[in-house]
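Summary of structural features
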Amino acid sequence: MTETNNEIAVTEAAVKLRKHWGWLLFMGIILVILGIIGLGMSTALTITSVLFFGFMMIAAGILQLIDAFKAEGWKSILAYVLISILYIIAGILMIYDPIFSAMWLTLAIAGIIIAVGILRIIMGFQIKPVKGWGWTVFSGVISILLGIMIIAQWPVSGLWVIGMFVAIELIMQGWAMVAISLVAKKADPQQLKSILEEK
């Protein structure tokens, strides 16, 4: 039975991971540390994130504006230019007043979390015959409660929610990298090499 190209690619990736597991472990630890620091500085991280997002919006708007003027004869060019200008204005407002922007972004995030929670509950009841459907409903309820907590503490929550989410994401990504690196370290290099030589 011959292995597919995907299986060969996975084996080659495993060999590379085995070779560079130390670097992956180091990067994972750094991300976890940065995430933990970020949890303690969630307000600063929130403002930094909003400023970064603002600059990205301006850059995206400028690129779209340049692209709009290159698209000759396009019927929707006016709409494209207006969208580009809105991007730029939104970016400028975010940079001008990052705290105000963070508060409204937090409110939008809370709304999205509640909507996701409702959808999870609906999905959970739809898959009710499947084992573990209750966990889907439970996660939906938790999402709704989290969204309500954020709204209940708004506008103060606007100062820490975005930063906290970024910090948690850094920690989760870091732990994932640490786990992968440790698995890669334990992989048998001779076995991986022999698998590749058989191809």
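Residues numbered from 1 in each chain as written. Predicted model: local features only at pLDDT ≥ 70, side-chain atom pairs only at ≥ 80, totals over all residues. Heavy atoms only, no water.

1. Comments concerning the overall build of the chain
Formally: Only DSSP runs of H or I with at least four residues qualify as helices, and only runs of E with at least two residues qualify as strands; both kinds are numbered from the N terminus onward. It only takes one pair of heavy atoms within 4.5 Å for two residues to be counted as in contact. Only the protein chains shown count as cover for residues, and all accessible areas are computed by the Shrake-Rupley method using a 1.4 Å probe.
Counting its regular elements, the chain contains 8 helices and 0 strands. Listed N to C, the secondary structure of the chain is α-α-α-α-α-α-α-α in terms of helices and strands. The contacts of the chain with a sequence gap of at least 6 include a subset with a gap of at least 24, amounting to 76%. For the chain, the exposed surface amounts to about 13300 Å²; the carbon and sulfur share of it is 75%.

2. Thoughts on the packing of helix H3 (residues 42-70) against helix H4 (residues 77-96)
How two helices sit against one another is set out by the angle between their axes and by the gap between those axes. Here is the rule we go by: Helix axes are fitted only over the stretch in contact, all axes being lines through C-alpha atoms; the angle between N-to-C directions runs from 0 to 180 degrees. Oblique is the label for any angle not covered by the other classes, which are roughly parallel (under 35 degrees), roughly antiparallel (over 145) and roughly perpendicular (65 to 115). Helix crossings are classified by the rotation of the near helix relative to the far one: an anticlockwise turn of less than a right angle makes the crossing left-handed, while a clockwise turn makes it right-handed. Think of it as three bins: nonpolar holds Ala, Val, Leu, Ile, Met, Phe, Trp, Tyr, Cys and Pro, charged holds Asp, Glu, Lys and Arg, and polar takes everything else, Gly as well.
Contact geometry of H3 with H4 gives a least axis separation of 7 Å together with a crossing angle of 160 degrees. As the angle between them shows, H3 and H4 are arranged roughly antiparallel. Crossing geometry of H3 relative to H4 is assigned as left-handed. Tallied by class, the residues present in the contact of H3 with H4 amount to 21 nonpolar, 5 polar and 1 charged.

3. Some remarks on the side chain of threonine 106
As a reminder of what qualifies: For the exposure calls, accessible area comes from a 1.4 Å probe over protein chains only, and a residue counts as buried if that area is under 20% of its type's maximum, exposed if over 50%, partly exposed in between.
Take threonine 106: it is sitting in helix H5 (residues 98-126). According to the relative accessible area criterion, threonine 106 is buried, its value standing at 0%. When residues no more than four places from it in sequence are discounted, the contact partners of threonine 106 are Ile150, Ser157, Gly158, Val161 and Ile162.

4. Comments concerning the environment of isoleucine 85
Turning to its location among the elements, isoleucine 85 is positioned in helix H4. For isoleucine 85, a relative accessible area of 36% corresponds to the partly exposed category. Distance in space between the C-alpha atoms of isoleucine 85 and isoleucine 58 is 8.8 Å, their sequence separation being 27 residues.

5. Details of the environment of valine 156
Position of valine 156 relative to the elements: it lies in the loop between helix H6 (133-152) and helix H7 (161-186). On the accessibility criterion, valine 156 (52% relative accessible area) is exposed. In the structure, valine 156 is positioned 50 residues away from threonine 106 in sequence and 9.8 Å away in space, judged by C-alpha atoms.

6. A look at the packing of aromatic side chains
Put simply, the rule is: Note on ring pairs: Phe, Tyr and Trp rings are taken, using the six-membered ring of Trp, and paired if centres are within 6.5 Å. Classes follow the plane angle, with under 30 degrees stacked, over 60 edge-to-face and the rest tilted.
On inspection of all chains with the given rule, the structure shows 2 aromatic pairs. Seen from their ring centres, phenylalanine 100 and tryptophan 104 are 6.2 Å apart, and the 65 degrees between their planes marks the pair as edge-to-face. Separated by 4 residues within a single helix, phenylalanine 100 and tryptophan 104 lie in helix H5, roughly one turn from each other. Phenylalanine 100 gets classed as partly exposed once you look at its relative accessible area, which sits at 47%.

7. Focus on the environment of valine 50
For valine 50, the position within the fold is in helix H3. Setting aside its immediate chain neighbours within four residues, valine 50 contacts Met94, Pro98, Ser101, Ala102, Leu105 and Ile162.

8. Things to note about the packing of H4 against H5
With their axes 5 Å apart at the nearest point, H4 and H5 run at an angle of 115 degrees to one another. With respect to H5, the axis of H4 lies roughly perpendicular. Contacts from Leu93, Met94, Ile95 and Tyr96 of H4 reach H5 at Pro98, Ser101 and Leu105. Here the residues of the contact of H4 with H5 are counted per class, giving 6 nonpolar, 1 polar and no charged.

9. Here we look at a nonpolar patch on the surface
Keep this limit in mind: Only residues whose relative accessible area exceeds 30% and that form no salt bridge enter a patch; like-charged residues are grouped when within 9 Å of one another, and nonpolar side chains (Val, Leu, Ile, Met, Phe, Trp, Tyr) when within 5 Å. By salt bridge we mean one thing: a side-chain nitrogen of Lys or Arg within 4 Å of a carboxyl oxygen of Asp or Glu.
Residues Trp23, Phe26, Ile29, Ile30, Ile33, Leu34, Ile37 and Met41 make up a contiguous nonpolar surface patch of about 770 Å² in total accessible area. Take tryptophan 23: it is sitting in helix H2 (residues 21-40). For tryptophan 23, a relative accessible area of 57% puts it in the exposed group.

10. Let's talk about H4
Short version of the rule: How far a helix is expected to stretch is found by multiplying one less than its residue total by 1.5 Å. Think of the arc as the fan of directions from the helix axis to the C-beta atoms.
Compared with the 28 Å implied by 1.5 Å per residue over 20 residues, the 28 Å span of H4 between its first and last C-alpha is a close match. Every buried residue of H4 is accounted for by Val81, Ser84, Ile88, Gly91 and Met94. Summarising the axial view, the buried residues of H4 lie within an arc of 155 degrees, below the 170-degree limit, and thus occupy one face. Across from the buried face of H4, at angles greater than 90 degrees, the exposed residues are Leu78, Leu86, Leu93 and Tyr96.

Geometry only, nothing functional implied.
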